[in-house]
Structure formats: C-alpha cells, structure tokens
Amino acid sequence: MRASPIRATLRRPLGLLLALVAAAGLGGCGILSPLPAWELVKATGTATSTALATAAPAKASNTVHHGDAPVRDVCIEFNRNAPLEDLVPSLQAELRRQGVESRVYEPGTGLQQCGVWLRYVATIEWGVPPMASAYRANLSAASLSLHRADGTLLSTSSYQAEENYGIARWAGTRNKIAPVVKALITGFES
C-alpha cells in the first residue's frame, strides 16, 4: 500500500519539528538555545581572569640581607596606609610557604611578644581590568623589611611594577609579592 502524497508531505515537517523539540529539551547545549553562546562567553571570561591573576612577571629587587639565622616567626605590623584587602593575607601565605609563622599587630602593640617584625609600605593604583566594568585596586609597588625588636634591620626587599607592565598589572597580589617575601627571608632574588 502506498502512502498518499499529503501524508508524506506532512511527515517530513512533523518529524523535523519533533527533532527540534527533542533537541531543545536536552540538557547542556541545544540547537535553538542562546545558552551555549552565553556559556562560551562566561568560560572565556573565567579563563581570562585566571590568566590575568597569574600573569605577573614579578621580581624582587633591591634586596639586602644581612645573613642572620633563618627567621621562623615574625609579627607583621599592620599598615593602614596600604588599604589593599589581600595584601596581608598574601604576605602571610607566602611567609608560610617559606616556613615562617606570622601574626598581625597594630603599630606599637605586641612589642614584648615579638623578636622579629615585618614592616611594609605599598603603592596602590586603580583601574578597570580587561573584560570588567568596575574599578579595582592593584599593587604597583611594595617594600618589605624585617627588623629585630630593638630596631636592627635584618633584611629588606622590594617589588616595582614594570613601567609598561600592561596586562601583568592585573595579576594577583600574591603573585606579585611572592618573590619579594622569598628574597626577604632567604636573601636570594629569583
């Protein structure tokens, strides 16, 4: 038995319509959905911010280390004039990485508890990162120093952003400060 021409004509569009409805109902990517394109945009943004966070060609500079015994415990003197929210946590994380425990104190407190003090100054710049719409602070320079409780200088090291540092400007504070902390503790710039 042969199907009528009208039935054959209706079957094709009906089959196509059913296939499109089924594809649109699938999880993940869909043929008619704008979501795959949006997911691609989000993934690109995530990849870009990850690349920016680790892009710093940071180097320690102007390191002076007096060759004293390795420091294992320091007190960090909190500097309210360097209001970068991740600076002190970055310092503490990098100190731990070097095997040094740390505590944070307000200036002028804790003198009896601490044999070695870490003091820091930082310069912060504001700008709009690529693929963002809001201003964000970033570390452009920092200087760290270790002192005995009596004020004797043990070591000092600095970070200075390259003059035309472009995209590395948006690297994370920890990536910028890591080589400086290492040089401060070991005396070796990398």
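In the block above lies the structure referred to throughout.
Residues numbered from 1 in each chain as written. Predicted model: local features only at pLDDT ≥ 70, side-chain atom pairs only at ≥ 80, totals over all residues. Heavy atoms only, no water.

1. Section: the overall build of the chain
Here is step 1: In terms of regular secondary structure, the chain is built from four helices and six strands.
Here is step 2: Its helices and strands in sequence order give the chain the pattern α-α-β-β-α-β-β-β-β-α, from N to C terminus.
Here is step 3: Going through the 190 residues of the chain one by one, you find that 35% of them count as buried.
Here is step 4: Restricting the contact set of the chain to residue pairs at least 6 apart, pairs at least 24 apart contribute 70%.
Here is step 5: A total accessible area of about 11800 Å² is found for the chain, and carbon and sulfur atoms account for 59% of it. (Helix = DSSP H or I, 4+ residues; strand = E, 2+ residues; numbered from the N terminus. Buried < 20%, exposed > 50% of the residue type's maximum accessible area, 1.4 Å probe, protein only. Contact = heavy atoms within 4.5 Å. Areas by Shrake-Rupley, 256 points an atom, 1.4 Å probe, with all protein chains shown as cover.)

2. Side note on the sheet that holds strand 3 (residues 101-105)
Here is step 1: Strand order in the open sheet formed by six strands is 1-6-5-4-2-3, and the pairing between neighbours is mixed. Two strands bound the open sheet, and with one partner strand each, they are strand 1 (61-65) and strand 3. On average, adjacent strands in this sheet sit at an angle of 20° to one another, irrespective of strand direction.
Here is step 2: One ladder, built from five bridges, connects strand 2 (residues 73-77) with strand 3; its direction is parallel. The partner of Glu77 across the bridge, within strand 3, is Tyr105. (Pairing = 2+ DSSP bridges. Axes fitted to C-alpha atoms, helices over the stretch in contact; angles between N-to-C directions.)

3. With respect to a nonpolar patch on the surface
Here is step 1: A cluster of nonpolar residues, Trp126, Val128 and Tyr135, forms a patch on the protein surface that exposes about 390 Å² of accessible area.
Here is step 2: By the element assignment, Val128 lies in the loop between strand 4 (116-127) and strand 5 (136-148).
Here is step 3: What makes Val128 partly exposed here is its relative accessible area of 36%. (Patch = residues over 30% accessible without salt bridge, like charges linked within 9 Å, V, L, I, M, F, W, Y side chains within 5 Å. Salt bridge = Lys/Arg side-chain N within 4 Å of Asp/Glu carboxyl O.)

4. Comments concerning unusual backbone geometry
Here is step 1: One non-glycine residue, Met131, lies in positive phi territory at about 60°.
Here is step 2: Inspection of the secondary structure puts Met131 in the loop between strand 4 and strand 5.
Here is step 3: On the basis of relative accessible area, Met131 is assigned to the exposed category, the value being 59%.

5. Side note on the side chain of Ser102
Here is step 1: For Ser102, the location among the structural elements is in strand 3.
Here is step 2: Side-chain polar atoms of Ser102 contact the side chain of Gln92, separated by 3.2 Å.
Here is step 3: Residues in contact with Ser102, not counting those within four places in the same chain, are Asp73, Val74, Ile76, Gln92 and Leu95. (Polar contact = N/O pair within 3.5 Å; in protein donor to acceptor, adjacent residues only side chain to side chain.)

6. Describing the environment of Ala134
Here is step 1: Residue placement: Ala134 occurs in the loop between strand 4 and strand 5.
Here is step 2: Sequence-distant contacts of Ala134, that is, excluding residues within four places in its chain, are made with Gly127, Val128 and Pro129.

7. Examining the pattern of salt bridges
Here is step 1: Under the criterion given, the structure shown has five salt bridges.
Here is step 2: Residue Arg174 is joined to Glu94 by a salt bridge in which the shortest nitrogen-to-oxygen separation is 2.5 Å. A residue pair is termed long-range when its members are at least 10 positions apart, and Arg174 in helix 4 (residues 173-186) and Glu94 in helix 3 (residues 87-97) qualify at 80 residues.
Here is step 3: Residues joined in a network through salt bridges with shared partners are Glu94, Arg97 and Arg174.

8. Some details on the state of the cysteines
Here is step 1: Counted by the stated rule, this structure contains one disulfide.
Here is step 2: One disulfide bridge connects Cys75 with Cys114, the sulfur atoms lying 1.6 Å from each other. Because the torsion about its S-S bond is -75°, the bridge between Cys75 and Cys114 counts as left-handed. One end of the pair, Cys75, is in strand 2; the other, Cys114, is in the loop between strand 3 and strand 4, and 39 residues separate them in sequence. (Disulfide = S-S within 2.5 Å.)

9. Notes on the packing of helix 3 against helix 4
Here is step 1: Packing of helix 3 against helix 4 brings their axes to within 9 Å, and their N-to-C directions diverge by 45°. The angle between helix 3 and helix 4 places the two elements in the oblique class. Taken as a pair, helix 3 and helix 4 cross one another with a handedness that is right-handed. Here Leu87, Ser90, Leu91, Ala93, Glu94, Leu95 and Arg97 of helix 3 lie close against helix 4, whose contacting residues are Thr173, Arg174, Ile177, Ala178, Val181 and Ile185.
Here is step 2: In terms of residue class, the contact of helix 3 with helix 4 is built from eight nonpolar, two polar and three charged. (Parallel < 35°, antiparallel > 145°, perpendicular 65-115°, else oblique. Left-handed = near helix turned anticlockwise from the far one by under 90°. Nonpolar A, V, L, I, M, F, W, Y, C, P; charged D, E, K, R; others polar.)

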